[in-house]
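Architecture at a glance
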Amino acid sequence: MADSYNVKEIEAKWQARWDTEGLYQVDNDDPRPKAYVLCMYPYPSGAAHQGHVRNYTFGDLIVRYRTMRGEAVLSPFGFDSFGLPAENAAIKTGVHPRTFTNARIDELKESVKKLGAVYDWRREVKSHDPSYIKWSQFIFTKFFESGLAYKKNAPVNWCPGCQTVLANEQVLADGTCERSGDQVVKRDLEQWFLATTRYAEELLSDLDNLEWPERVKTMQRNWIGKSQGTKFKMAIAGSDDFFLEVFTTRPDTTFGMTYAVIAPEHPLVEVLTKDAFKVEVEAFRVEASDRSEIERQSTEVTSKIKRGVFTGSYAVNPFTGKEVPIYVADYVLMGYGTGAIMAVPGEDQRDYDFAKLYGLPVIRTVQPPDDFAGEAYTGSGSKINSDWLNGLEVDEAKAKATQFLTEAGVGGSTIQYRLRDWLVSRQRYWGCPIPIVNCPRCGLVPVPLEALPVLAPDDVEFLPTGESPLAVHPTFKFAACPKCGGDAIRETDTMDTFVDSSWYFLRFCDPTEDEAPFSKEAVAAWMPVDQYIGGIEHAILHLMYARFFTKALADLGYVPDHIREPFKRLFTQGMIRLGGSKMSKSKGNLVAPQRYFDTVGADSLRLFHLFVGPPADDFDWSEQTDDVIDGCFRFLNRVWRISLGTAESFPGVTVKVVNRETNHSDREILRLAHRLIAKVSEDYERWSYNTAVAAMMEFTNSLYRYAGNGAQVETFDFAVDTLIMLLAPMAPHITAEIWERRNGGLVHAQKWPTPDPDLVKSEKETLVIQVNGKVRDKIEVDSGIDEQTAVYLALASLKVQQALHGQTVRKTIVKLPKMISLVI
RNA sequence: GCCCGGGUGGUGGAAUGGUAGACACGGAGGACUCAAAAUCCUUUGCCCCCAAGGCGUGCGGGUUCGAGUCCCGCCCCGGGUACCA
């Protein structure tokens, strides 16, 4: 009797071998065609959860599959190991973040190995490693020298929970922190920024050439928020010193302006407010800043009442010379455009709402259709009430209005982006220190390469005061100016951890380089990433920043010129949800991968993730899920038994393999095997893993029937070996073991099988006969049947005769060998 | 509100305009067993006693010899986004 499938023994054996054998280690000068397959490197939060399992299963499958196809596949792994959880743990328990993080890395690495995922571990990268910090800092100094990194005083998002500032992207729509969920407040602080807006246009236009999910591209386009419009300055009545600049996408509606609005935070508010209105305006500004925090928490649309007060000043309409009142109102945002608008209630709903509330006049400048029942009309039409624009269509009028403003020297056409520069300062300890020294004589001076990395001191106390341990450290902040050698103050802010993850994929190409962040040659060899795999939650933040870094580093000469995008193809996997959207700790533990490694094994768990549905779809983990995983385990057992069994091996399994002449059943299973090769290969290419698994299950079922009836030895062996090779990327341990026992050697070093096109076609087909579109009969025919015979057979069918009721066939549609459609 | 996705058996899901429900889970029945587990076999969309037949992919229309698939109009669910001028 053959051994039964001993999961633990087999998986441990092969994991140890993959660790030492180096089949998946690739060198930069590997002569095979190169491919770079990458899963987003994780924040190390301890042992892997099912989301990781899903991610790494897809990645590992592709790595193993493409390797069998003869490619040199770069498959590195690393850790996004800076971040708040480690620091919060330090505050709570006193354990140093490094100790804490290293322990979590070990746990994660262990569970990744237990999954059977293979990586070139020689290339492992950790963002908290001094050798990585050094080059993150180096890149920052290069950005600083080129003006891409700069410091400015600005109202910034402050998260009281995280005790640090946040980038705009890290603040959710309701004004809460994407990490802690706390309400974010505005603070005026001197902070470091990266000039992402310099690349706004390229970040937008290059999206067109990426093989990314459309919705991710759409999200990025919306985030960049390009808007074509016109900027112009309006004179202020009674003042020659100031003017009001506004941005509009509708310069054609300028004749309809009945008032103007500036944001409460606008610097001109003070100047514009006349004495008589000072009290009211000041009260409004205070109220507005309070209210914005409260109202942002409410998702009620009704809370979006537009409120404002009159400043006492008037702006002069450049088209009419007429004066309109200037209001301060909270529906105009300081952060967009110029922070001021001309208000046209006739063609803008927001302006209309405000005008109605405060009794301001409405002038229409576009003729709405007769049946128009709305308030502000934003559609197309011809101009009215607009003097020299009357009769023109909106688009023509826009051009003419802009031309007028340009010629008058008060404005011109302009492009606005919603995208803003990336705020990278963080008032935290466990991050990459910003390598800048502030010298009272020389100003901001970058720490030179020889002195990098700047490492945070270890002798710090982690206290829940909210103050960064670096800022209160007795000596860290004192440094000699690299330029003049005099006393200077070191920057104590660290970088947003998204900085680290914006270039790790480049470091993987050349992880031990000691003279530069990476060599150009190494990057040229592997970049861009051929297949990037990760969660949809990074659709904007990480993916946008990584794209920005790649472009900036190319312009600075570190990345080869022709590489302007880091990730050629992106796949965003679906999320694993537990009981709807709630993820509770107890439930999380209940489905922890370790539990399955200990029982059914990694192969069954991997197979389950591949089988359960399309990879892009979310999956709800439920009570029934364990049954499905057991089903995958059962399938692997069936594969084990048919591959290694004989008639006597396993009760209930009949595997009769004999030496004899080839017969019909041999030819059929051979055809099925070749069809399977074609089907699985195609499904692997199109990310349809669930159907590939189904096809292999079906084939295994056929194999059982075949073997039960007496299989011919060569045909049987071919069929089994084919199945094992096709399954090898999905269930690597069991297939490696079966292959070794049957043939010796490594299944993952085999060449991916090629289907014989002649054998992919089957001998017999089911011909479906329809009458008036309804299926009336199905008959077995030779696949090479000719039209005449097929039609003859169709008409000869009794069921078809019944359906025809003796009526004449008016039309016959023939799609051989599958279908004949008769029309009466 | 706007922009994407998506509605198929009891469940997860298959289906280049051509046999709807592959494959699996669950259910039912059976074989093996003293018994159970494991394994193996049969069956499983709905209506109908069975068969013949009919009905079936959120709803209503349309195109087509033929629609889950394409077009138009709705309904519902999920996600993203929201005073961006």
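Worth saying up front: this structure is predicted, and the values here are computed from it rather than measured. (Residues numbered from 1 in each chain as written. Chains lettered and ligands numbered in written order. Predicted model: local features only at pLDDT ≥ 70, side-chain atom pairs only at ≥ 80, totals over all residues. Heavy atoms only, no water.)

1. Regarding the overall build of chain A
For chain A, the count of helices and strands is 27 helices and 31 strands. Summarising its shape, the C-alpha atoms of chain A cover approximately 105 × 85 × 50 Å along the three principal directions. Per-residue burial for chain A yields a buried fraction of 53% across its 824 residues. Long-range contacts, defined here as pairs at least 24 residues apart, represent 72% of the contacts in chain A between residues at least 6 apart. Only carbon and sulfur atoms are counted for the fraction: they give 51% of the accessible area of chain A, which is about 36200 Å². Here chain A holds 93 positive side-chain charges and 111 negative ones, and the gap between their average locations is 3 Å. (Helix = DSSP H or I, 4+ residues; strand = E, 2+ residues; numbered from the N terminus. Buried < 20%, exposed > 50% of the residue type's maximum accessible area, 1.4 Å probe, protein only. Contact = heavy atoms within 4.5 Å. Areas by Shrake-Rupley, 256 points an atom, 1.4 Å probe, with all protein chains shown as cover. Lys, Arg positive; Asp, Glu negative; His and termini not counted. Charge placed at Lys NZ, Arg CZ, Asp CG, Glu CD.)

2. Focus: the packing of helix H3 (residues 84-93) against helix H4 (residues 97-114)
Contact geometry of H3 with H4 gives a least axis separation of 8 Å together with a crossing angle of 125 degrees. Regarding the angle of H3 to H4, the classification is oblique. As H3 runs across H4, the sense of the crossing is right-handed. When H3 is examined against H4, the residues Pro85, Ala86, Glu87, Ala89 and Ala90 are found in contact with a partner set consisting of Pro97, Phe100 and Thr101. Broken down by class, the residue content of the contact of H3 with H4 amounts to six nonpolar, one polar and one charged. (Axes fitted to C-alpha atoms, helices over the stretch in contact; angles between N-to-C directions. Parallel < 35°, antiparallel > 145°, perpendicular 65-115°, else oblique. Left-handed = near helix turned anticlockwise from the far one by under 90°. Nonpolar A, V, L, I, M, F, W, Y, C, P; charged D, E, K, R; others polar.)

3. So, a nonpolar patch on the surface
Nonpolar side chains collect at one region of the surface, where Ile305, Leu357 and Tyr358 lie side by side and expose about 270 Å² of accessible area between them. Tracing the backbone shows leucine 357 in helix H10 (residues 349-358). (Patch = residues over 30% accessible without salt bridge, like charges linked within 9 Å, V, L, I, M, F, W, Y side chains within 5 Å. Salt bridge = Lys/Arg side-chain N within 4 Å of Asp/Glu carboxyl O.)

4. Let's talk about the sheet that holds strand S31 (residues 819-823)
Taking strand neighbours across the sheet as the criterion, the four strands line up as S29-S28-S31-S30 in an open arrangement whose pairing is mixed. A single partner strand is all that each edge strand has here, and the edge strands are strand S29 (774-782) and strand S30 (811-815). Taken pair by pair, the neighbouring strands of this sheet meet at an average axis angle of 15 degrees, ignoring direction. (Pairing = 2+ DSSP bridges.)

5. Let's talk about the pattern of salt bridges
Oppositely charged side chains are able to pair whenever their charged atoms sit close together. Counted by the stated rule, this structure contains 54 salt bridges. Where arginine 122 meets aspartate 27, a salt bridge forms, and the shortest distance between an N and an O atom there is 3.3 Å. Here arginine 122 is found in the loop between H4 and strand S4 (125-126), whereas its partner aspartate 27 is found in the loop between helix H1 (7-21) and strand S1 (34-39), with 95 residues between them in sequence. The shortest N-O distance in the salt bridge between aspartate 206 and lysine 551 comes to 2.5 Å. Remark: lysine 551 occurs in helix H16 (residues 541-555) and aspartate 206 occurs in the loop between helix H6 (200-205) and helix H7 (214-224); sequence separation between them is 345 residues. Relative accessible area serves as the criterion here: at 17%, aspartate 206 is assigned to the buried category. Given the relative accessible area of 0%, lysine 551 is considered buried.

6. Some remarks on unusual backbone geometry
A cis geometry characterises the amide bond from methionine 527 onward to proline 528, with omega recorded as -5 degrees. The residue proline 528 is located in the loop between helix H15 (520-526) and strand S22 (531-535) in this model. Looking along the chain, the bond that leaves leucine 816 and enters proline 817 is cis, with omega of -5 degrees. With respect to the helices, strands and loops of the structure, proline 817 is situated in the loop between S30 and S31.

7. Structural notes on the pairing of S22
The buried count for S22 comes to five of five residues, which makes it a mostly enclosed element. Pairing analysis gives three bridges linking S1 to S22, with the strands arranged parallel. Along S22, the bridge assignment pairs valine 37 with glutamine 531. Where S22 and strand S23 (residues 570-573) come together, four bridges link them in parallel fashion. Each bridged residue has a counterpart across the sheet, and for tyrosine 532 the counterpart in S23 is leucine 570. Between the parallel pair S22 and S23, the chain is carried across by H16, and the sense of this crossover is right-handed. (Right-handed = clockwise from strand over helix to strand, strands pointing away.)

8. Focus on helix H5 (residues 130-145)
With 16 residues, H5 should reach 22 Å at 1.5 Å per residue; the first-to-last C-alpha distance of 22 Å fits that figure. Judged by how many residues are buried, H5 sits mostly within the fold: twelve of 16 residues are covered. Where H5 is concerned, the buried positions are Tyr132, Ile133, Lys134, Trp135, Ser136, Gln137, Phe138, Ile139, Phe140, Thr141, Phe143 and Phe144. Trailing H5 by a residue or two, glycine 147 shows a phi angle of about 85 degrees, which is positive. (Expected span 1.5 Å × (residues − 1).)

9. Brief notes about the sheet that holds strand S19 (residues 478-480)
Here four strands make up an open sheet; going across it, the order is S18-S17-S20-S19 and the pairing antiparallel. Strand pairing shows two members of the sheet lacking a second neighbour, strand S18 (443-446) and S19, which therefore form its edges. Between one strand and the next, the sheet's axes are offset by a mean angle of 40 degrees, whatever the strand orientation. Taken together, the four bridges between strand S17 (residues 436-439) and S18 define a ladder with antiparallel strand orientation. Each bridged residue has a counterpart across the sheet, and for isoleucine 436 the counterpart in S18 is proline 446. Those strands touched by H5 are S17 and S18, and its axis lies near 135 degrees from that of S18.

10. Digging into the pairing of strand S11 (residues 308-316)
With respect to burial, S11 is a largely interior element, seven of its nine residues being buried. Looking at chain direction, S11 and strand S12 (residues 323-329) are connected through six bridges and run antiparallel. Pairing of phenylalanine 310 across the sheet is with tyrosine 327, part of S12. Counting the residues in the hairpin turn of S11 and S12 gives six residues, including glycine 321, whose phi is positive at 75 degrees.

11. A short note on the confidence of the model for chain A
Here chain A averages 89 in pLDDT, while 95% of its residues score no lower than 70. Considering only residues more than four positions removed or in separate chains, one finds that residues 296-303, a stretch of pLDDT under 50, has eight contacts. Both scores are given for the predicted complex: the pTM is 0.92, the ipTM 0.94. (pLDDT = per-residue confidence, 0-100.)

12. What about the packing of helix H20 (residues 625-644) against helix H23 (residues 713-727)?
At their nearest, the axes of H20 and H23 sit 10 Å apart, and the two run at 145 degrees to each other. Where H20 crosses over H23, the two elements pack in a sense that is left-handed. For the pair H20 and H23, the contacting residues are Phe635, Leu636, Val639, Ile642 and Ser643 in the first and Phe716, Val720, Leu723, Ile724 and Leu727 in the second. Broken down by class, the residue content of the contact of H20 with H23 amounts to nine nonpolar, one polar and no charged.

13. Observations concerning the environment of lysine 114
With respect to the helices and strands, lysine 114 occurs in helix H4. Measuring from C-alpha to C-alpha, the distance between lysine 114 and proline 264 comes to 57 Å, with 150 residues separating the pair along the chain.

14. Re the nonpolar core
Among the nonpolar cores identified, the biggest contains 92 residues, and Tyr36, Phe143, Trp422, Phe505 and Phe549 are the most heavily contacted of them. Sorting elements by how many residues they give to this core places H16 first, with ten residues. In this structure, phenylalanine 143 is in contact with Leu148, Ala149, Leu194, Phe548, Phe549, Ala552, Leu553 and Leu556, ignoring residues within four places of it in sequence. Among the nonpolar cores identified, the runner-up in size contains 89 residues, and Ala117, Val639, Tyr706 and Leu727 belong to it. (Core = buried A, V, L, I, M, F, W, Y, C linked by side-chain atoms within 4.5 Å.)

15. Focus on the packing of aromatic side chains
Applying the stated rule across the entire model yields 57 aromatic pairs. Note on tryptophan 388 and phenylalanine 404: the rings are 5.0 Å apart at their centroids and 40 degrees apart in plane angle, and the pair reads as tilted. Placement of the pair is tryptophan 388 in the loop between H10 and helix H11 (394-407) and phenylalanine 404 in helix H11, with a sequence separation of 16 residues. Exposure remark for tryptophan 388: the relative accessible area of 26% places this residue in the partly exposed category. (Phe/Tyr/Trp six-rings, centres within 6.5 Å; stacked < 30°, edge-to-face > 60°.)

16. Side note on H10
Residues of H10 that are buried: Asp351, Tyr352, Phe354 and Ala355. Buried residues of H10 fall within an arc of 165 degrees about the axis and therefore sit on the same side. Following H10 by one or two positions, glycine 359 adopts a phi angle in the positive range, close to 65 degrees. (Arc of directions from axis to C-beta.)

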